[in-house]
Every structure is written in C-alpha cells, then in structure tokens.
Amino acid sequence: MQRRIVFCGDDFGLNAGVDAGILELAGLNRLSAVSCLAHGPSFAAHGPALRDAGLDVGLHFNLTERFGSTAQPEVLAPGKLLARACSGRLDSAWIERQLRAQLETFERVLGRAPDHIGGYRQVHQLPAVLPALLGALRRHYGNGPRPWLRHTAAGSQHGIPMADCARARLIGALGARGVERAARRENWPINRRMHGIYDMRGGARRYAGLLQRWLDNACDGDLLVCHPAGPGAQDARAAQRQAEFEVWRRPEMAEWLRRNGIRCARLGRY
C-alpha cells in the first residue's frame with residue numbers, strides 16, 4: 001500500500017541559504033510543504049517564488065524570535081513564553097496581534113491565505129496560545145477554507161535513539177492533545193503524526209540514518225519535518241541544515257521512496 005507523507009521544509013524566510021535549499025528540494029519533488037517565517041529577514045524577497053511551486057505553503061507562527069526584524073518587536077524568550085503559557089499568564093490580545101500581523105505579511109507576499117499553520121518552536125500548540133490562535137483564525141477566515149494545523153504527536157519511534165525519542169515525545173506532550181481535540185470538535189484538518197525531531201547535530205551520515213528510520217516508521221497521513229539549507233545559510237545550525245539538504249537531494253532518494261511505497265503528498269490535496 002502506498003503511504004502519502006507530507007515532507008515539510010521549515011524556516012523559509014530565515015536566510016537566503018535556507019530559502020534556496022527549500023526551493024531546490026521542492027523542484028526535485030522532495031518536499032510537499034513549506035513553513036514560512038513571515039517576518040524572517042528573507043521572506044519578502046524570496047516568498048513570491050513559492051506561489052507556483054506546487055506546495056502546501058504555511059505560516060510558521062513565531063512568538064520568540066526577532067530575527068533582526070523591526071517588524072516584530074514584541075517577542076518573549078522561549079522559556080518565559082512556556083512558563084506564561086502553562087500558568088495562564090499570556091495575553092490573548094498579544095497573541096492575536098502577533099498572528100494578525102504575520103498573516104497580513106504572509107498574504108501580502110504570497111497573495112493568498114496559508115495552507116497550514118504551525119509554530120516556530122511549536123508555539124502554536126501551547127496552552128493559552130492555541131485557543132487564541134484558533135479564535136483569531138475563525139475570525140480571520142470566517143466560513144472559508146480552513147488551513148490544516150500541525151499536529152505534533154510523535155509517530156512510531158522504533159529504532160530512534162532514546163534522547164531523540166524523548167525529545168519528540170516531549171514536544172507532543174506540550175500540546176498535541178489540544179490540537180487533536182480542536183480538530184475533532186471544530187473540524188480543523190490535521191496531519192496524523194509527526195516525525196523528524198532530533199537534536200540537529202551529527203552531520204549527514206547520522207541524519208541519513210535517522211531519516212531512514214523515520215521513513216520506515218511513517219504511516220499514511222503523517223508529517224515529516226526537515227530543516228534544509230543550501231550554501232549561504234548563516235544561523236547557528238547552518239552546518240547541520242546543509243547536511244540535511246545534501247541527504248534529501250541525493251539522486252537515490254527518489255528511487256528509495258518509490259521502492260518503499262512512499263509518495264510525497266500535500267495534505268491539502270488528500
């Protein structure tokens with residue numbers, strides 16, 4: 001049986017290297033989705049190239065990083081955001097203001113609404129953030145088509161190292177059930193499970209081994225996230241991003257996917 005898996009490249013708009021790597025992999029049919037940092041330094045310049053790329057293009061909702069941009073002055077450090085979210089001390093008006101600004105930028109650059117919504121550092125699913133986000137999305141899009149939401153529940157972890165397994169399960173524990181409940185209650189589309197979480201270290205050899213395990217474990221409707229970048233990436237994880245890119249662009253990848261019955265699929269087109 002063929003398995004339809006959403007392969008999503010994260011952090012488009014972070015820098016030119018990330019954008020170039022994602023666009024090249026999309027052209028090779030290695031990706032079916034991309035998550036965009038609407039206020040990232042390079043999004044305005046390179047975002048238009050996504051319009052006709054044949055991808056599910058989504059918003060990577062950000063509440064923690066400025067990325068050198070004056071467009072997003074109000075952010076919280078990750079630890080402070082998590083603490084306030086879990087203790088009920090986040091201002092819903094602040095969340096909605098941030099989301100509205102990022103959606104407006106996204107729509108201005110792309111000329112359309114996002115196909116999906118996730119979060120940078122998975123902030124979209126946090127307690128207090130998710131209800132405000134869903135309320136804002138309902139008001140923003142009314143009765144129109146709804147974007148699918150990133151569901152972070154970990155897929156099968158067979159063969160995954162213990163530390164990476166724990167990391168994936170912790171991310172899911174921080175809010176996957178809330179996303180799943182919202183999906184059932186209000187008919188928001190979601191992916192089935194998520195793969196691709198690790199410490200973003202180890203180079204191409206380690207990443208290739210992890211990728212094969214994730215693909216072996218993936219089921220129909222799952223999401224596999226990646227963080228590729230071509231030359232020119234300048235962030236702290238640039239070397240590992242380039243290692244991911246080199247693994248995904250290998251010619252043998254297409255044949256391996258075909259032989260194992262895996263199709264790179266858009267969740268919005270199921």
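J.: Break down the pattern of salt bridges for me, citing the residues and quoting the values.
T.: Taken as a whole and judged by the stated rule, the model has 20 salt bridges. Across the pair Glu 96 and Arg 139 runs a salt bridge, and its minimum N-O distance is 2.6 Å. On the criterion of sequence distance, the pair formed by Glu 96 in helix 4 (residues 92–110) and Arg 139 in helix 5 (residues 129–141) is long-range, its members being 43 residues apart. Accessibility expressed as a relative area gives 22% for Glu 96, which makes it partly exposed. When the shortest N-O distance is used, the salt bridge between Arg 112 and Asp 115 registers 2.9 Å. Salt bridges sharing partners connect three or more residues here, namely Asp 164, Arg 167, Asp 199 and Arg 206.

J.: If you had to explain the pairing of strand 4 (residues 116–119) to someone new, which residues and values would you point to?
T.: The alternating pattern of strand 4 places His 116 and Gly 118 on one face and Ile 117 and Gly 119 on the opposite face, and all of these are buried. As paired strands, strand 3 (residues 56–61) and strand 4 are joined by 4 bridges and run parallel to one another. Each bridged residue has a counterpart across the sheet, and for His 60 the counterpart in strand 4 is Gly 118. Here strand 4 runs beside strand 5 (residues 148–149); their pairing, made up of 2 bridges, is parallel. Note on strand 5: the bridge partner recorded for Ile 117 is Leu 149. Regarding the hand of the β-α-β motif, the stretch spanning strand 4, helix 5 and strand 5 is right-handed.

J.: How would you explain helix 1 (residues 16–27) if you had to name every residue and give the values?
T.: Each full turn of the α-helix corresponds to 3.6 residues, which orients residues three or four apart in the same direction. Over its 12 residues, helix 1 extends 16 Å from the first C-alpha to the last, a length consistent with the 16 Å expected when each residue adds 1.5 Å. If you check which residues of helix 1 are buried, you get Gly 17, Val 18, Asp 19, Gly 21, Ile 22, Leu 25 and Ala 26. Looking one or two residues beyond helix 1, the residue adopting positive phi is Asn 29, at roughly 60°.

J.: Please give an account of helix 4 that cites residues and values.
T.: With 19 residues, helix 4 should cover 27 Å at 1.5 Å per step; its first-to-last C-alpha distance of 26 Å lies within 8% of that length. By the burial criterion, the buried members of helix 4 are Trp 94, Ile 95, Gln 98, Leu 99, Gln 102, Leu 103, Thr 105, Phe 106, Val 109 and Leu 110. Along the long axis of helix 4, the arc covered by the buried residues comes to 165°, so they all point the same way. Turning to helix 4, the residues buried within the fold contact strand 2 (33–36), helix 2 (43–46), strand 3, helix 3 (78–86), strand 4 and helix 5. Gly 111 sits one or two residues past helix 4 and shows a positive phi near 80°.

Conventions used here
Residues numbered from 1 in each chain as written. Predicted model: local features only at pLDDT ≥ 70, side-chain atom pairs only at ≥ 80, totals over all residues. Heavy atoms only, no water. Salt bridge = Lys/Arg side-chain N within 4 Å of Asp/Glu carboxyl O. Helix = DSSP H or I, 4+ residues; strand = E, 2+ residues; numbered from the N terminus. Buried < 20%, exposed > 50% of the residue type's maximum accessible area, 1.4 Å probe, protein only. Pairing = 2+ DSSP bridges. Right-handed = clockwise from strand over helix to strand, strands pointing away. Expected span 1.5 Å × (residues − 1). Arc of directions from axis to C-beta. Contact = heavy atoms within 4.5 Å.

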